[in-house]
Each structure stands twice: as structure tokens, then as C-alpha cells.
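Structural overview for review
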Amino acid sequence: MEPDYSAQDVARCDLCKTAIAQSYCDFCHVNLCKPCIGAHISDEYDKHKIVPILQRKSTLIYPKCETHQNKTCEYQCKDCNIPICSDCIVAKQHNKEHEFIKLEEVFNAKKKHIRRVTEELEKQFLPAYEDIANDLELQIASLDGEYKKLSTEMSRQREEIHREVDNAFNQMEKEIGEIKVKHKSILQKHLDEIKQLQSSTLQTLNALNEVEESNEVSATINYSCKTEELSKLPPKVIVSMPKFIPNQIKREELCCLIGKLTPLSTTLEERVFTAKKSNTSVRELLDKPELLNTIKTGHKKLRSVTCHNDEQIWTSGGTGDIKCFNIQSVLLKTIQTKSGGFPWDIAVDTTGALLYCQLKTRTVYKVKNGQIQAIITLQGWRPINLCVTSFGDLLVSMISDDETQSKVIRYSGSTVKQTIQFDDEGQPLYSGNPYIKYISENRNLDICVADNGAGAVVVVNQTGKLRFKYTGHSSTTKNKPFEPLGITTDSQGRILTADMDNHCIHILDTDGQFLRYIDNCGLSYPYGLCVDSNDSMFVCEYLKGSVKKIRYSK
């Protein structure tokens, strides 16, 4: 037997039906053994595509062009958002000024997103639901033993006061039975809900696996992964056991002094999802960070940088133009803001669309297919900084019109999902002025805000509960006050924040412990930050208008 196949998934040749298939025709979709390859391609058809069987379905099936019947569409017009063929690109009827992208790139990007979502469901959410279900099953299984202990305690008391209290005890036994039924019913109902969520998760995984196996471009691109309802764990049901409280025996007050059972009580405790550590390799910090490249943007007062992908970045500064560069420093595109004013911050959503916010118009904008549309407009508040979460939500930090309050709002589209403003004691989490409140989501779903006015990095968990505040690290060489600006997080959960006046970057672990500075590479007034998927950091130099790409981990 071939070592690459297990007993249950050996592929047989579709022609001879007996031999093990080593090859696959990616056009006809048939398994082939070596002797049968010649017979399969012996006809006059010239589109056979023979590949090793482990690479089956690697040849993309492109959609047919509606205009040119004999052509397939291998490109997509980013402005029109439609598939086109090579003839369409050169044809006069299509606008030559439009921007085109290979469908293969869109297909691969969607596949990458699907694999990430699949991995999150398999490694994070499904095990979490299994743990909850196991805990509930254990509680239900232990009910008989726990309630038997109650009955035993009451039996000892019953023996001391003899037959005079039989009626009273019988009544209490009935109450115990009723409470037990109610207790079990509560837990069973929650267990049923959890198992339903497990089933939904498995169904979603099956659908994702089917899409991942598919080589249909249109179906894959148009597939929508809806995992928001699975990303928030259900509240934990805590049902307190009733207690039997005996009293001293006084015959004349026997019925009152036997004792009583505490009622069954049920409370809901909100669960906080904690991401389990993935199997990705650990990237340790370099002893000496390395400067990889310097991109001169031409921006005045360069403020923000965000990764469009591993090859391109968007930048913005004190003017109304937002520029896209590749990592070789070539300017690819420039977008003018709708109002002409400068953007306070920029971000890229999960679809690759550019987002930016403006204080003056109180609005968050989305740029897609060359069109700018307002997606969020505030009343009484003004947006400052923003970031996109791993699940596609938008986090926006904002300041009140009177400049005395700040808060963070989580949006799904334009719908408010969460407001983060106060701690458990009702005290503000964030300062009012100055405006700057750069924001980032960590891999453990913590929300990290660089509160410039408070001189602190404020980190809350996904429910908005304060985890810690980092107020700087004592150093003889960093003598200016710690006033953080840009903030980002990497694949290891480390938090990186810019310390402009001290010309350095602080690196913290997930619990806010200082790890080290990045203070070499000639950094000058660092401002905005971002990291790519390889944990290379891009740093805005505010006055020079340059973006420096720095490698700081192995």
C-alpha cells in the first residue's frame, strides 16, 4: 500500500477500477494509475491536465466570460467588481483606467481566510463547547450523590426526634425531590443548548471543509463565513445546592426547629473566552532588531500605517491624501479623503477595503472599488482611532464633544455591539484629552488602547473588564514622560507601543510585563505602528515622513 494513503482513503483508478491511482486529471476529474494515463489522454481532446493525485483539484476552474464566449475570466475589475477575461481588458468597452487583479489572488486570499476560520473553530471554539458540555454532564451525574448526602444528614436528625417529626420530614423529602427535578431540569436545558451549539459548530466546520476542498472560484469567493454567533460563549449556569440547616430539638417548637432547606438558586455568570495556544512556532525576540527598509512617503506629519497585505501598506499624515506603497517603496495608489481634511486613523477590513475616520465630520468612511461611503456617523462624539478585529468587527476609540470623556465602541457593520468606558467601580477607563487613543486587538481578544493623555497602555478583556494598565518602564536613558501613541500586537500576543519623545518602541507581554525596548535603527519620533503576518514591524517617523520596516523577532 502507498504510504501516503491510509486503509480507508486509498484512491483507485477510475478506468481499470483496481490499481492504486497515482495521478489525477484535473480537467476531467478522474483518478488514474500510471498504465491508464496513456489511454485517458489518447483522444484528440487537448485540455487534459494530469497532476499527482495529492495535487488534485489544484487547477482552478475559472468562470466563462459572458462577453467573449471562448475565453475564461482570470481577472477581476476592482472598480466594477466583476470577473473579466484578457480580451475584456484590452477591449474598448471596458474602462482602461480601472484597476484589475488576478482572480487567483482573490481565490487564494479567500482560501487563506477560510483556513484561518476553520482552524479557530477546530482548535478554539469546539473544544470550549466540549469542555462546557463535559462539566454539565459531570454536574448532572453527581446530583444523585449530592442529594443523597442531604437525605443522610436529615435522617440523622430524624432519628433524634423520633416519630414526632415524621410528617415534617416527609414534607421536606418531597421538597427535595421537587428541587432536584428543577435542578436537573435547569442543567439539562443548558446542556441541550450547548449540544445544539456544538452541532452548529460541526455543521459550520463541515461547510468550511467543503468550501476548502472546492475548486469552484465563484462559489469559494462568494462563500460567507458566519461565526459571530459562535464566537461568544454562552453564560455559565451556576446552580447552588440547597442546604439542610438543623436546629436544637425542643418538642414544643418541633415543627419550627427541625430546620429548613435553602431554595434552589440559579445565576448566570458570563464566560470569557480564552484562546488556547496554537501550534505555531514561537518567535523569540532578537537581541538586536534589524532595519529592513525605509519607505519615504512624502507625508507631512506622518501619523498612521496599516498593512494592506504582506506586500503593501497604506499610510496617512497631516494632509488629505492616503497613500499605498509596496515594500519596495513604490507608490501604487493615492486616495483623497471625501472632505479633503486629513484622516485621524486608517485600517483595512477583512475584505481588504480601506477604512479611515475624520474628527471634523464625526464619520468613519469605507473605500471600496474606488468609491468612498460613510459607514458610521456619530452624534455628540468624534472618532479618533480604529482597528479591525480578528472576527471582522470594528473597534473605534472616540472622544466626547466637550473633550472630557473617551470610550471604545465595537461595531458589527454600523451596528453597536459593545461599549467600553468604565471599570467595575464606575471610574473612567480612559482619559479625555488629548485626543490620541490608538487601539489594537490582541490574539487573546484583549483590547489594547494607547491612552496618550493618561500616559498609559490600558488593556481590557473582550467583555470590557480591566486587566491592567502599563505606565512605562523605569530607565536611566529614557528621561521623557511615557506618552504612548501607536499600538499594535503580534502573533505571539506581544504588545508594541510607540514612545515618541523617547524615540523608542516598548514591547510588553500579554500580561503587561515589560520585555524590552526597540531603540536602535535610528528611530526618530515614532508614531503609528503595525505588524504584518511575519511579525515585521512598520513604524511611522512623524517628522521625517518615513516608514521604517524593522525585524525584531526570529
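To keep things clear, this report deals only with the structure shown in the data block.

Brief notes about the overall build of the protein chain
Across its full length, the protein chain carries seven helices and 34 strands. For 554 residues, the compact-globule estimate of 2.2 N^0.38 gives 24 Å, and the protein chain exceeds it by more than 25% at 31 Å. Seen along its three principal axes, the alpha-carbon backbone of the protein chain occupies a region of about 105 × 80 × 45 Å. Classification of the 554 residues of the protein chain by burial places 46% in the buried group. Across the protein chain, contacts joining residues at least 24 apart in sequence account for 51% of those joining residues at least 6 apart. A total of about 28,800 Å² of accessible surface is found on the protein chain, and carbon and sulfur atoms cover 48% of it.

Things to note about the side chain of threonine 297
Along the chain, the position of threonine 297 falls in the loop between strand S11 (285–296) and strand S12 (304–307). Residue classification places threonine 297 among the buried residues on the basis of a relative accessible area of 3%. Reaching out from threonine 297, the side chain makes a polar contact with the backbone nitrogen of histidine 299 at a distance of 3.1 Å. Within polar-contact distance, the side chain of threonine 297 engages the backbone oxygen of glycine 545 at 2.6 Å. Ignoring anything within four residues of it in the chain, the contact list for threonine 297 reads Leu302, Thr315, Lys323, Phe325, Gly545 and Val547.

Brief notes about the sheet that holds strand S24 (residues 437–441)
Taken in spatial order, the four strands line up as S24-S25-S26-S27 in an open sheet, and their pairing is antiparallel. Only two strands of the sheet have a single neighbouring strand rather than two, namely S24 and strand S27 (466–470). With strand direction ignored, the average angle separating the axes of adjacent strands in the sheet is 15°. Direction of pairing for strand S25 (residues 447–451) relative to strand S26 (residues 456–460): antiparallel, over a ladder of five bridges. Across the sheet, aspartate 451 pairs through a bridge with alanine 456, a residue of S26.

Calculation rules
- Residues numbered from 1 in each chain as written.
- Predicted model: local features only at pLDDT ≥ 70, side-chain atom pairs only at ≥ 80, totals over all residues.
- Heavy atoms only, no water.
- Helix = DSSP H or I, 4+ residues; strand = E, 2+ residues; numbered from the N terminus.
- Rg over C-alpha atoms; globule rule 2.2 N^0.38 Å.
- Buried < 20%, exposed > 50% of the residue type's maximum accessible area, 1.4 Å probe, protein only.
- Contact = heavy atoms within 4.5 Å.
- Areas by Shrake-Rupley, 256 points an atom, 1.4 Å probe, with all protein chains shown as cover.
- Polar contact = N/O pair within 3.5 Å; in protein donor to acceptor, adjacent residues only side chain to side chain.
- Pairing = 2+ DSSP bridges.
- Axes fitted to C-alpha atoms, helices over the stretch in contact; angles between N-to-C directions.

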